[in-house]
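Read off the chains here:
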Amino acid sequence: MNGLSLWLKANSSVARDSNNFVDRWADQSGNGFNAVQSAQANKPVFVQNAINGMPAIQFDGIDDLLTAAGVSGNYSNCTIFTVMKPAALADYNQALLHGPDMCSEEQTTVQFRAA
């Protein structure tokens, strides 16, 4: 896809250990911005058949984190697509991706609020 910076697919190129903790999630965009985590306590879990028969990467909502270093550019205009199924919603803002500004040159923030 033209102009695509990062593409992470739970059903493709997810490196995990014997307990399904994710070490590396390969970028499918062709840019090589792989998402990684080396600290065992902060690794999300690969879950087979999580959403409509498809796999998912499950974050604990506390300290699980994957970092895709090197993603940069002028993102004054950007689009983010995500498929997610929260285990539960709390009565406060929760972040899917964390950073200072939506579509900034730094990290991106996507938040949702429980209804």
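Everything here concerns the structure above.
Throughout what follows, the structure given in this document is the object of discussion.

1. Notes on the overall build of the chain
In terms of helices and strands, the chain carries zero helices and seven strands. Traced from its N-terminal end to its C-terminal end, the chain shows the element sequence β-β-β-β-β-β-β. Counting the 115 residues in the chain, one finds 25% classified as buried. On the chain, roughly 8,000 Å² of surface is accessible, and the fraction owed to carbon and sulfur atoms is 50%.

2. What to know about the sheet that holds strand 2 (residues 22–25)
Strand pairing in a sheet relies on backbone hydrogen bonds, with the paired strands running either antiparallel or parallel. Here three strands make up an open sheet; going across it, the order is 1-2-3 and the pairing antiparallel. Two strands close off the open sheet at either side, each with one partner strand: strand 1 (14–16) and strand 3 (35–36). Direction of pairing for strand 1 relative to strand 2: antiparallel, over a ladder of three bridges. Following the sheet pairing, Val14 is matched in strand 2 by Trp25.

3. Some details on the packing of aromatic side chains
Counted under the stated rule, the structure contains zero aromatic pairs. Positioned above the aromatic ring of Phe46, the side-chain terminus of Arg16 is 3.8 Å from the ring centre.

4. Focus: the pairing of strand 2
What sits between the antiparallel neighbours strand 1 and strand 2 is a turn of five residues, in which Asn20 has the positive phi angle 70°. Pairing geometry for strand 2 and strand 3, over two bridges, is antiparallel. Looking across to strand 3, one finds that Trp25 is bridged to Ala35.

What counts and how
- Residues numbered from 1 in each chain as written.
- Predicted model: local features only at pLDDT ≥ 70, side-chain atom pairs only at ≥ 80, totals over all residues.
- Heavy atoms only, no water.
- Helix = DSSP H or I, 4+ residues; strand = E, 2+ residues; numbered from the N terminus.
- Buried < 20%, exposed > 50% of the residue type's maximum accessible area, 1.4 Å probe, protein only.
- Areas by Shrake-Rupley, 256 points an atom, 1.4 Å probe, with all protein chains shown as cover.
- Pairing = 2+ DSSP bridges.
- Phe/Tyr/Trp six-rings, centres within 6.5 Å; stacked < 30°, edge-to-face > 60°.
- Lys NZ or Arg CZ within 6 Å of the ring centre and 35° of its normal.

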